[in-house]
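Commentary on secondary and tertiary structure
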Amino acid sequence: SITMRYSTAGSIDERMDAVKKVGFNYINLNTGSCMALIESGPDDTKKMKKRLKDRDLKLDWLHAPHVYPVLFEKNGEEFAVSMAAFRTAIYIASELEAGSIIVHPFGNQIPDNMLAKEKTEFLQNALSVLVEYGKQYGVHIALENVFEPVSMQLLDTLFEQIEGLRFCLDLGHANVGKSLN
């Protein structure tokens, strides 16, 4: 599959036509596309579904919002908004017949003491809820490595504890963090 983010020339229709023309049958929608669908109404999701169907394209995965997710501590509105955004992404992925959504364990900065037991347990509980929610809609939750080596240490713990959680390997993130060895 190919992520639409990396083919930015032209309209979404022109880009979908181009990837189909070169032989791709599966595409991925990046965070920007997911956020646009979250921010719009259900008609835009229906239009996207029609675009996919008209081109005989399938959606492999949808990348959930990732800049500010707060799943590692219950600090009021940020946690609730993060969970709501992920639940909406799961619903949209289901409507678009995607197999997975991609989730970051935390945003663009590593939270202080991210490997502390209370934060990892809270994150584990939040992700468990999302995995169960995803099962109801036939959508897998895939956790992506982000900041190395912290996220790899965290991911080991999470995958041991959460049945059904999947993994998305971002080679760019791993390379920047030098964790490909």
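Further up the page is the structure itself.
Conventions and cut-offs
- Residues numbered from 1 in each chain as written.
- Predicted model: local features only at pLDDT ≥ 70, side-chain atom pairs only at ≥ 80, totals over all residues.
- Heavy atoms only, no water.
- Axes fitted to C-alpha atoms, helices over the stretch in contact; angles between N-to-C directions.
- Helix = DSSP H or I, 4+ residues; strand = E, 2+ residues; numbered from the N terminus.
- Parallel < 35°, antiparallel > 145°, perpendicular 65-115°, else oblique.
- Contact = heavy atoms within 4.5 Å.
- Nonpolar A, V, L, I, M, F, W, Y, C, P; charged D, E, K, R; others polar.

It is the contact of helix H2 (residues 31-39) with helix H4 (residues 77-95), at a shortest axis distance of 10 Å, that shows an interaxial angle of 95°. It follows that H2 is roughly perpendicular to H4 by the angle criterion. Across the interface between the two elements, Cys34, Leu37 and Ile38 of H2 pack against Ala85, Thr88, Ala89 and Ile92 of H4. Of the residues in the contact of H2 with H4, the class split is six nonpolar, one polar and no charged.

With that settled, consider unusual backbone geometry. Phi is positive for Asp56, close to 55°, though the residue is something other than glycine. Tracing the backbone through its elements, the reader meets Asp56 in the loop between helix H3 (42-54) and strand E3 (58-63). Here Asn113, not a glycine, exhibits a phi torsion of approximately 55°, which is positive. Inspection of the secondary structure assignment puts Asn113 in the loop between strand E4 (100-103) and helix H5 (117-137).

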